[in-house]
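Report on the structure
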Amino acid sequence: MSKIPAQPDLPASQIYEDIDWAMMRNSWEKNATMLGVKSGFTWNHSHADANSFILFHKGEPIIKDAGNSWYGSKEYPEYFFQSQAHNVVTFNGKAQPKEQQYNGSPLRGELSELMDAGKMKYLLANGTGPTSTVFSRNFRHFLWVDKVILIIDDVKAYETGKYEWLLHPGGESKKVGGDISITSKKSSVLVRPLFPETLVQTGFNHDFPEKMVLNELSGPKEEDVKSKETYYGFAYPEEIKQTKFITAIILKDSVNDMNLPQIERLKGENMQGVRIRHNGKITEVFLNLMADGRIMHLNTHNNLNGWETDAYLLGVSFPENKKTDKAEDVSDFFVGYGSYIRKDGQLLFNSLSKLFLISNRENGRQDLLLQGQPLINAEFFVSPKTGKFFLNHQEAKPALKDQKWQIHIGK
């Protein structure tokens, strides 16, 4: 009889396409970090939680799903089943209609483009269908880079109103500067709104009317529905029709961890982004506002801190001690729906169609995760130090021309 393995021989990340659930974890260790995301259908036992997420960190449910209670309680249909009990974005206090519990949603939420390259992971959630009575656009992107999980929400409604980003802490929580700190036993995270604005650092909210408003909301407890617990809403104070939320979840190695990433907001006329500095590495993530489909026939080409691209989302990592961040300096890069990246005339990636990809170069090995089209013709910059090449976790030997890998997928 074979021994039970200490850890399962399974991928650390998985998407379940039939039900549109997904998980991403950093390992199968007992006290690992696991991000779970749900979309799919809403009906019967499936709650109004399209695009919602939960987070286990150090084995603890540090950001929870509040939608659990005894079915016989009146609080179950009035609260626990509804969008307000989940980690979603609401518009004028609404997301999915209450009637979906009984009548269902004719349109499902979808999860797609899951990619796990170890240090960098990505997932796209599209909750537009179940929330289409309120939202004409409801996309949520999860980009996990080392100790930071970025959640990027691209939302649009049919009219002007107020948006709110809901957060259900799974431990003791409090506001610390511009963060919400959540702690449970040995697990601790910081949740930091970055766009459309940050939280007020001090307690004097009236001095900063343009900042995000922190609402302390109240809902019934799962174990005792007659008692109340606090959850949060990050509310944008202005009434608008369309906006972008960028929120960072910082994963602390311990409750007293002081070695935290430095996160800087990046903002331009047609760009929003963040710069993450940690342990000698810089990662820049950009949201290309020219590529979100707001204006018909608008060219999506943009210059994002020197990187020329048509990508909707772009992320690049390079050593902090480098004087430049040219193609040969990039250790990791991410493309969310794009067909080229170049800087100072040097090509990093080029394709005949828009793709999703993550590239990692380390210790003479190039790993490339590539998806988005059944037929792919693309080329990538190759460092002279690159030895082995892996495409979608399988070793490959693509053609090399002019210091570029030539990739062909499909007939």
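Preceding this section is the structure that the text describes.
Reference entry: report on the structure contained in this document.

What counts as what
- Residues numbered from 1 in each chain as written.
- Predicted model: local features only at pLDDT ≥ 70, side-chain atom pairs only at ≥ 80, totals over all residues.
- Heavy atoms only, no water.
- Phe/Tyr/Trp six-rings, centres within 6.5 Å; stacked < 30°, edge-to-face > 60°.
- Helix = DSSP H or I, 4+ residues; strand = E, 2+ residues; numbered from the N terminus.
- Buried < 20%, exposed > 50% of the residue type's maximum accessible area, 1.4 Å probe, protein only.
- 1 Å grid on protein atoms, 1.4 Å probe; cavity = no way out; pocket = protein on both sides within 12 Å on 5 of 7 lines; lining within 4 Å.
- Points joined across faces, edges and corners; volume = space filled by probe spheres on them.
- Nonpolar A, V, L, I, M, F, W, Y, C, P; charged D, E, K, R; others polar.

What to know about the packing of aromatic side chains
Under the counting rule described, the total for this entry stands at 15 aromatic pairs. Taking the centre distance of 5.6 Å and the plane angle of 10° together, the rings of W165 and F234 count as stacked. On the criterion of sequence distance, the pair formed by W165 in strand 11 (residues 163-167) and F234 in strand 16 (residues 228-235) is long-range, its members being 69 residues apart. Taking relative accessible area as the criterion, F234 reaches 1% and is therefore assigned buried. Ring geometry for F349 and F380: centres 5.1 Å apart, planes at 25°, overall stacked. Here F380 lies in strand 27 (residues 376-381) and F349 lies in strand 25 (residues 346-362), a separation of 31 residues in the sequence. A residue is classified by how much of its surface remains accessible, and F349, at 0% relative accessible area, is buried. Site record: aromatic cluster; members linked through ring pairs are F53, F142, W165 and F234.

Some remarks on empty space enclosed by the protein
Using the criterion set out here, one finds 3 cavities of 30 Å³ or more in the structure. Within this model, the largest cavity holds a volume of roughly 60 Å³. Lining the largest cavity, in full, are A50, N51, S83, V88, V89, A95, Q96, T131, N138, R140 and D153. In the lining of the largest cavity, the residues fall into 4 nonpolar, 5 polar and 2 charged.

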